[in-house]
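# Breakdown of the fold
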Amino acid sequence: MPLHIEEQQKGHTLVLKLAGVMDYSTIDGFEPSIPEKTGEVVVDFSALDFIDSTGIGAILLIIHSAHEQDAAVKFTGLDDNIKELFDTVGVFRILESLRKRGR
Amino acid sequence: MPETKSQSFDESQSAPMHKALQREIQLARNIQMKLLNGEKPELPTGEVSGISIPARLIGGDYFDFYPLGDGRIRILIGDVMGKGIPAAMLMILTRGAFRSAAGAAQGPGQTLTMMNDAIYKDLRKLGSFVTIFCADWEPATGTFVYANAGHSMPIVVRSDVGTVTLPVLKGVMIGGLPGQIYKEKTSHIQRDDLVFLYTDGIVEAQNAQGEMFKLDRLSGILVEQSRQTAEAIQNAVVEKVNEFTKGLPQKDDITMVILKADGDQRGV
């Protein structure tokens, strides 16, 4: 199953809706592009079926790219499996730490 | 025509190139296997064993033992993001960081802190990360001090009790944030306890129906086998995973480290 990323710009908010499988076979060469003046990036996981460590690497790229542009990152639509995985590897701690740290 | 010439040139080169590439991957595999499956440390009491089975020819999982010279041994298991050759390159980077840090760091927490300090920038630049569980174990007393950088907690099986839970400790993966200080927790490993460290390739191993091996099945095997030697337990887990997958190529590397205490100290 492929990965589909739908991007919607709503004012200063960029919504990235992830659908399908975000893994080693679908994410090769992923480079997030966050338009200038974006104040918030919302990543919507509600249509994502599976994510592996390579997919988490892509999420980290989004988090760090947004942070470099002073944009906040918010997750929506996380199911329990992804929540547990993100909690184990430390994704939420990274979000929290960058939020506190600012630029 | 020039195009035809160019095409036939490429074709004549592709077979030898493919052969050379295959040979180089095989050599890289030999290097990785030798580094991973080096000498098992001799312990006055207790025993350790470990194995890594890459999903492809080479992989990104890593385990290591570093004797601290005072009866303690520093143990590490890690899982590099991604697969195949790119993950294997970063596994070597991780190994170098561990070997440098292990001799200087006071404990597993400082080991992870030093490793993150050493390779954070490289991993960030490459958009990668490594999850690692690191522990100092003193088999004679059962003291088990551990730190965690985003990895699964080990499974502990206690004779006549079944699986017991170590106090959970969570931390950010290596390469996730700069300047991380990794905390430690201390527990006690009892005589006859089995400690099983693993990467998620085991519990996520799939059969032809797409079912996963899962933690419950793994725990059941460990409870059943807990009185065996570390190596026998390791062989039993590999055999059960193979029985389950029936040789189906796996998506992820499979790595495990087994610690069996054999001291006189009763734990807490």
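About the criteria used
- Residues numbered from 1 in each chain as written.
- Chains lettered and ligands numbered in written order.
- Predicted model: local features only at pLDDT ≥ 70, side-chain atom pairs only at ≥ 80, totals over all residues.
- Heavy atoms only, no water.
- Helix = DSSP H or I, 4+ residues; strand = E, 2+ residues; numbered from the N terminus.
- Rg over C-alpha atoms; globule rule 2.2 N^0.38 Å.
- Buried < 20%, exposed > 50% of the residue type's maximum accessible area, 1.4 Å probe, protein only.
- Axes fitted to C-alpha atoms, helices over the stretch in contact; angles between N-to-C directions.
- Parallel < 35°, antiparallel > 145°, perpendicular 65-115°, else oblique.
- Contact = heavy atoms within 4.5 Å.
- Domains from an automatic or database assignment.
- Buried area = accessible area lost by both parts, 1.4 Å probe.
- Left-handed = near helix turned anticlockwise from the far one by under 90°.
- Nonpolar A, V, L, I, M, F, W, Y, C, P; charged D, E, K, R; others polar.
- Core = buried A, V, L, I, M, F, W, Y, C linked by side-chain atoms within 4.5 Å.
- Salt bridge = Lys/Arg side-chain N within 4 Å of Asp/Glu carboxyl O.
- Pairing = 2+ DSSP bridges.

For chain B, the name recorded in an unreviewed UniProt entry is Serine/threonine-protein phosphatase, with Cohnella pontilimi as its organism.

Going by the annotation in an unreviewed UniProt entry, the name recorded for chain A is STAS domain-containing protein, with Cohnella pontilimi given as the source organism.

Attention now goes to the overall build of chain B. A tally of helices and strands in chain B yields 5 helices and 10 strands. Taken against the 2.2 N^0.38 rule, which gives 18 Å for 268 residues, the C-alpha radius of gyration of chain B at 20 Å falls within 12% of a compact globule. Projected onto the principal axes, the alpha-carbon positions of chain B cover approximately 80 × 45 × 30 Å. Within chain B, buried positions represent 51% of all 268 residues.

This part covers the packing of helix α2 (residues 80-89) of chain A against helix α3 (residues 91-101) of chain A. Residue and element names in this part refer to chain A. Remark: α2 packs on α3, axes separated minimally by 5 Å, with the N-to-C direction vectors making an angle of 65°. On the basis of their axis angle, the class for α2 and α3 is roughly perpendicular. Judged by residue contacts, K83, F86, D87 and V89 of α2 engage V91, F92 and R93 from α3.

Before going further, it helps to spend a moment on the domain arrangement of chain B. Residues and elements named next belong to chain B. Per the domain assignment, the segments making up chain B are domain 1 (1-37) and domain 2 (45-260). A C-alpha centroid distance of 33 Å is found between domain 1 and domain 2. Each partner contributes to the interface: domain 1 provides 9 residues, whereas domain 2 provides 16 residues. Carbon and sulfur atoms make up 65% of the surface buried where domain 1 meets domain 2, a total of about 1,000 Å² over both sides.

With that out of the way, let us pick up the packing of helix α2 (residues 84-102) of chain B against helix α3 (residues 108-125) of chain B. Packed helix pairs are specified by the crossing angle of their axes together with the interaxial distance, meaning the distance between the axes. Residues and elements named next belong to chain B. Two elements in contact, α2 and α3, have axes whose closest approach is 9 Å; the angle formed by their N-to-C orientations is 145°. Considering only the axes of α2 and α3, their crossing is right-handed. Listed contacts from α3 to L90, L93, T94, A97, F98 and A101 of α2 are T111, M114, M115, I119, D122 and L123. When grouped by side-chain class, the residues that make up the contact of α2 with α3 number 9 nonpolar, 2 polar and 1 charged.

Another aspect to go through is the nonpolar core. Among the nonpolar cores identified, the biggest contains 81 residues, and F45(A), I59(A), I63(A), F75(A), F86(A), W137(B) and F144(B) are the most heavily contacted of them. F45(A) has contacts with L18(A), I59(A), F75(A), T76(A), G77(A), L78(A), I82(A) and F86(A), leaving out every residue within four places of it along the chain. V203(B), F213(B), I233(B) and F244(B) belong to the second largest nonpolar core, which has 21 residues in total.

This paragraph deals with the pattern of salt bridges. All names here are of chain B. For the structure on display, the rule yields 12 salt bridges over all chains. One salt bridge in this structure joins R99 and D64, with 2.7 Å as the shortest N-O distance. One end of the pair, R99, is in helix α2; the other, D64, is in strand β2 (residues 61-67), and 35 residues separate them in sequence. Salt-bridge contacts for R74 lead to D136; the nearest nitrogen and oxygen are separated by 2.7 Å. Remark: D136 occurs in strand β4 (residues 130-138) and R74 occurs in strand β3 (residues 73-80); sequence separation between them is 62 residues. For the pair R74 and D136, a shared accessibility class is recorded, and that class is buried. Where salt bridges share partners, they join D70, R72, R74 and D136 into one cluster.

Our focus in this paragraph is the sheet that holds strand β3 (residues 40-51) of chain A. All names here are of chain A. Read across the sheet, 4 strands follow the order β1-β2-β3-β4 without closing on themselves; strand pairing throughout is mixed. This sheet does not close on itself; its edge strands, each paired only once, are β1 (3-10) and β4 (72-76). Strand-to-strand twist in this sheet, taken as the mean axis angle between neighbours without regard to direction, amounts to 20°. Sheet topology note: the β1/strand β2 (residues 13-22) ladder contains 8 bridges and is antiparallel. Across the sheet, the residue bridging to I5 is L18, located in β2. Contacting β2, β3 and β4, helix α1 (residues 53-68) runs over the sheet at an angle of about 175° to β3. Those strands touched by α2 are β3 and β4, and its axis lies near 115° from that of β3.

With that settled, the discussion passes to unusual backbone geometry. Despite not being glycine, K37(A) shows a phi value in the positive range, around 70°. Along the polypeptide, K37(A) turns up in the loop between β2 and β3. Given the relative accessible area of 71%, K37(A) is considered exposed. In the Ramachandran plot, D160(B) falls in the positive-phi region, its phi being about 65° despite a non-glycine side chain. Position of D160(B) relative to the elements: it lies in the loop between β6 (155-158) and β7 (162-164). On the basis of relative accessible area, D160(B) is assigned to the exposed category, the value being 75%.

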